[in-house]
Amino acid sequence: MYDFEEERVREFLRRTGAKRAAVQLPAGLARFLPGIRRPFDELGVEMVVLAGTCYGACDLADDTARKLGCEVLVHYGHADMGLGSALPTLFVEARIKVDLVDSLRQALPALDFKRAGLVATVQHVGQLEEVVRFLSAQGIEVVLGGPSSRTRYRGQILGCDVGCAKALAPVVDGFVYIGTGDFHPLGVALATGKKVVAVNPVSGGFKVFSPRQEEFLKWRKAVVARAALGKSFGVIVSTKKGQSRFNLGRNIVKLLRQEGRQAHLLAVDDVSPEAVENFNFDALVCVACPRIPIDDAERFERPVLTPFEVLVMLGKAPIEPYQLDEVSLEDRG
Ligand code: SF4
């Protein structure tokens, strides 16, 4: 199903002359390791699998690879987001080879757009031409935006960067999203105020995200209200090179203190309940991956706010229009 670009990997390993290579894989690709390792084994290159979490290209483990004596890093499942690397690095995007047409045909009743923006995760950007052809044949004009600061391809979005959809919002009736999961299409709906039809080529189904996310807003208002009762806040920044927003974290600590709350800056690699719950804060603020306060909320006992929600809690911004947390390259530092 996935294209692991064996020939490109072989060429990279030959060209670099590496004897030891580090490999990063997201959890969803771990079961394909026996196939992934083939070009490494064929060329006699020692493979070291960095088996920690790997949610995005933001999580580039070049420093760890170097500490382990690896000469190169091969990062699977994500596109390069331009962070730079301490050693030669190859990104293998693991594009998915699935038939899209059946899934699109099923979604047709929901596609009541004259003009649609088309967005996808990197696994599907290679199929966007096919989607454009299909939708055009149905009389829907299709527009692609981007790439933006952290993405490589036109139409590509990340959980933390829906810039290419936002740029198109004024000129389209709605969006078609190609990919799995709810977080990306929810983000596009919130950031653009437009309907999003999410077509899942893996399950073959589709889901509609309305422009006004009533349930989501109700939930986030409740989270903010719960956090507002708190006195002490843990403000979490990540040490992952593509999630680091240290200055924003410091500014939030400063702001919370100015407003009479206790606030502490916590730096962790992987933001998890285990890493922060022992501090016993009343509430947490996540200045790392924007997915964590939303997708992982149930894992935390305490309310976890986004940076925008801190402003809402302190009465410095209205909750609507809701501002999705996004990361840009300028945030680094
Ligand atoms: S910060 Fe989060 S959403 Fe953005 S690329 Fe990394 S894992 Fe994905």
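Scoring rules and cut-offs
Residues numbered from 1 in each chain as written. Predicted model: local features only at pLDDT ≥ 70, side-chain atom pairs only at ≥ 80, totals over all residues. Near = placed C-beta within 6 Å. Nonpolar A, V, L, I, M, F, W, Y, C, P; charged D, E, K, R; others polar. Pairing = 2+ DSSP bridges. Helix = DSSP H or I, 4+ residues; strand = E, 2+ residues; numbered from the N terminus. Axes fitted to C-alpha atoms, helices over the stretch in contact; angles between N-to-C directions. Domains from an automatic or database assignment. Contact = placed C-beta atoms within 7 Å.

Focus on the site of the ligand
Residues in contact with the ligand, as listed here, are Tyr55, Gly56, Cys58, Leu158, Gly159, Cys160, Gly242, Gln243, Cys289, Pro290, Arg291 and Val327. Of the residues in the shell around the ligand, the class split is 7 nonpolar, 4 polar and 1 charged.

Here we look at the sheet that holds strand β8 (residues 141-143)
The sheet built from 5 strands is open, its strands ordered β8-β7-β9-β10-β11 with mixed pairing. Edge positions in the sheet fall to β8 and β11 (206-209), since each has one partner strand and no second. The sheet shows a mean angle of 25 degrees between the axes of neighbouring strands, direction not considered. Alignment of strand β7 (residues 115-120) against β8, held across 3 bridges, turns out to be parallel. Looking across to β8, one finds that Gly117 is bridged to Val143.

A closer look at the sheet that holds strand β12 (residues 232-238)
Pairing is parallel in the open sheet, where 4 strands are placed in the order β13-β12-β14-β15. In the strand order of this sheet, the two ends are held by β13 (262-268) and β15 (304-305), each with one partner. Note: β12 against β13, 7 bridges, orientation parallel. Opposite Gly234, over in β13, you have His264 as the bridge partner.

Examining the domain arrangement of the protein
For the protein, the assigned domains read domain 1 (2-94), domain 2 (101-209) and domain 3 (214-331). Between the C-alpha centres of domain 1 and domain 2 the distance comes to 29 Å. Taken together, the contact pairs 7 residues of domain 1 with 7 residues of domain 2. Classifying every residue of the side of domain 1 that touches domain 2 by side-chain character gives 3 nonpolar, 2 polar and 2 charged.

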